[in-house]
Amino acid sequence: MMHGHEKSDPAIVAVKLANKIANSPVAHCAGEPAVAEPVEPRAGTKGNAGQQSTYRTQSRVNVSQALERIRQVARERKKERFTALFHHISTDLLEEAFFELKEDAAPGVDRLTWKDYEADHERNLGDLHDRVHRGAYRALPSRRVYIPKPDGRQRPLAVAALEDKVVQRAVVMLLNAIYEEDFLGMSYGFRPGRGTHDALDALCVGIHSKKVSFILDADIRSFFDEINQEWLIRFLEHRIGDRRIIRLIQKWLKAGVMEGGVVTVSDRGTGQGSVISPLLANIYLHYTLDLWALRWRRPEARGDMIFVRYADDFIVGFQHESDARRFLDEMRERLREFALSLHPEKTRLIEFGRFAAERRKRRELGKPETFNFLGFTFICGKTRAGKFQIKRKTRRDRMRATHAPADPRSGEMAVVRRQRLLQLPRSANQCSCTACVPAPHHRPLAAYAKAA
């Protein structure tokens, strides 16, 4: 195929004519017939089949250009419903998704590892692409594993099969191009370019820069297991009008979880541990909590208010205690509408901030209480000059959980791999840097903020 897409063609070179000897005196003397002098042909340039890096680079360019076009439309048209996304799940996108997976990730029920699939990944991904677009792709149940939690209980995880991970990663890349333009600046969990340290720094800056005197430390009970799938699909349909993408997500939600050879299917939850689960969780909380909190703050709060969310853990700061209590009561009702509830033991309202120590001292209540967020304990402190300073240190229970043995009944992971944020050097325990904090970019509410 000449000049084909991403194909290497033979080199275009000057043609060297053969040396004709028909009139050569040597040929006449020798009595030989007149023939053309053969010339060794110049071979065309061989293809780049062995140069995988070149092909993958070209693929990345094509994928990034397509995603950028989607991102631009999502940015400019806040009410746009995307009805033609499925064709973007190309072989190039699947390949990029495959190489973004962790090579040492635990296998699913198919027991297929990344290394085994990579040995013939071009043929495997081509076959996967064909099945996805023919409608022959079938999602496999996730494999149930357990890891210990800091409180001694077991956290259930769902490990998807390898090909399910690849397709989920590809869909996440597509949806991220849309929802990263919709998500609010208060959300930090499992988002590109945002991490735990960004959330921690934003919280410190918010408490320092605003008149925060009360902290609402909230946690949603069993969030990933309690997500209402019907509501989730309705939220997705605000922006996703391509039914083929919706059906793919429904396949993963209905695939179930296999434990002890038995597959269980539920109409709740997204399977914590799967590739697409964090994005679906962010979409769910974007509509149920983030947009509502932003709308509540503008007319209802009488004083300053800050909001920082990382997945299902979030901190809300208030200037006035009355605002905090009204927000807490109304938030309980709001979450109940979408089948969610606050954890009674992990949700509490405390006095915290630059004036907390002085006020509690006047009431003879002792030092201000502390709160935990993303593996750190936040403490009201002072600098050597006597100015207010937030100190944070790694939670002791998290340090113990790092070396906690796994439940022998599970037969699974023997060591808990904690995020690197729990292994910060001591110099990071005090939060005083504000230059590295990304500027908040609260976007105006979309018309569908009242999805409830």
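Quantities reported herein were computed from a predicted structural model and do not represent experimental measurements.

### Considering unusual backbone geometry
Thought 1: You will see that arginine 111, though not glycine, has its phi angle at about 60 degrees, which is positive.
Thought 2: For leucine 374, which is not glycine, the phi dihedral falls at a positive 55 degrees.
Thought 3: With respect to the helices and strands, the residue leucine 374 is situated in the loop between β9 (371-373) and β10 (376-382).

### Some thoughts on the packing of aromatic side chains
The description of an aromatic ring pair rests on the distance of the ring centres and on the angle between the ring planes.
Thought 1: In this structure the tally under the stated criterion is 19 aromatic pairs.
Thought 2: A centroid spacing of 5.2 Å and a plane angle of 75 degrees characterise the contact between phenylalanine 98 and phenylalanine 99, whose relative ring orientation is edge-to-face.
Thought 3: Taking 5.5 Å as the distance between ring centres and 55 degrees as the angle between the ring planes, the aromatic pair formed by phenylalanine 318 and phenylalanine 327 counts as tilted.
Thought 4: Looking at phenylalanine 318, the relative accessible area reads 0%, which means it is buried.
Thought 5: Put simply, the rings of Phe223, Phe224, Trp231, Phe235, Tyr284, Tyr287 and Phe338 touch in pairs and so form one group of aromatic residues.
Thought 6: The ring centre of phenylalanine 376 lies 5.7 Å from the NZ or CZ of arginine 392, which sits over that ring.

### Points about the side chain of serine 277
Thought 1: Mapped onto the elements, serine 277 comes out in helix α11 (residues 277-300).
Thought 2: By relative accessible area, which is 0% here, serine 277 ends up buried.
Thought 3: Beyond its immediate sequence surroundings of up to four residues, serine 277 is in contact with Phe224, Thr270, Gly271 and Gln272.

### Here's the deal with helix α10 (residues 243-254)
Thought 1: Between its first and last C-alpha, α10 extends 16 Å over twelve residues, near the 16 Å set by a 1.5 Å rise per residue.
Thought 2: Along α10, the residues classified as buried are Ile245, Ile246, Leu248, Ile249, Trp252 and Leu253. Down the axis, α10 shows its buried residues gathered within 155 degrees of arc, on one side only.
Thought 3: Lining the buried residues of α10 we find α6 (162-179), α9 (229-236) and α11.
Thought 4: At the N-terminal boundary of α10, the capping side chain belongs to aspartate 242, with an oxygen 3.1 Å from the backbone nitrogen of arginine 244.
Thought 5: Residue glycine 256 follows α10 closely and has a positive phi angle near 85 degrees.

### Some points on empty space enclosed by the protein
Empty pockets left among the atoms are what a rolling probe the size of a water molecule brings to light.
Thought 1: Applying the stated criterion across every chain, the model contains one cavity of 30 Å³ or more.
Thought 2: In this structure, the largest cavity occupies an estimated 60 Å³ of space.
Thought 3: As for the largest cavity, its lining consists of 13 residues, of which Ala105, Ala106, Trp114, Leu162 and Lys165 are closest to the centre.
Thought 4: Looking at the lining of the largest cavity residue by residue, the class counts come to nine nonpolar, two polar and two charged.

### Description of the sheet that holds strand β4 (residues 257-259)
Thought 1: Spatially, β2-β1-β4-β5 is the arrangement adopted by the four strands of the open sheet, whose pairing is mixed. Each edge of the open sheet is held by one strand with a lone partner, namely β2 (154-159) and β5 (262-264). Ignoring which end each strand starts from, the neighbouring axes of this sheet average 40 degrees apart.
Thought 2: In the sheet, strand β1 (residues 142-148) pairs with β4 via two bridges, with the strands oriented parallel. Looking at β4, one finds that serine 142 is bridged to valine 257.

### Some remarks on the sheet that holds strand β6 (residues 305-310)
Thought 1: If you trace the four strands from one edge of the open sheet to the other, you get β6-β7-β3-β8, paired in antiparallel fashion. Because the sheet does not close on itself, it has two edges, and the strands there are β6 and β8 (348-351). Within the sheet, the average angular offset between the axes of one strand and its neighbour, ignoring direction, is 15 degrees.
Thought 2: Note that β6 and strand β7 (residues 313-318) share six bridges and pair antiparallel. Within β7, the residue paired with tyrosine 310 across the bridge is aspartate 313.
Thought 3: Strand contacts of α11: β6 and β7, with the helix running at about 175 degrees to β6, the strand carrying the most contacts.

The rules behind each value
Residues numbered from 1 in each chain as written. Predicted model: local features only at pLDDT ≥ 70, side-chain atom pairs only at ≥ 80, totals over all residues. Heavy atoms only, no water. Helix = DSSP H or I, 4+ residues; strand = E, 2+ residues; numbered from the N terminus. Phe/Tyr/Trp six-rings, centres within 6.5 Å; stacked < 30°, edge-to-face > 60°. Buried < 20%, exposed > 50% of the residue type's maximum accessible area, 1.4 Å probe, protein only. Lys NZ or Arg CZ within 6 Å of the ring centre and 35° of its normal. Contact = heavy atoms within 4.5 Å. Expected span 1.5 Å × (residues − 1). Arc of directions from axis to C-beta. Polar contact = N/O pair within 3.5 Å; in protein donor to acceptor, adjacent residues only side chain to side chain. 1 Å grid on protein atoms, 1.4 Å probe; cavity = no way out; pocket = protein on both sides within 12 Å on 5 of 7 lines; lining within 4 Å. Points joined across faces, edges and corners; volume = space filled by probe spheres on them. Nonpolar A, V, L, I, M, F, W, Y, C, P; charged D, E, K, R; others polar. Pairing = 2+ DSSP bridges. Axes fitted to C-alpha atoms, helices over the stretch in contact; angles between N-to-C directions.

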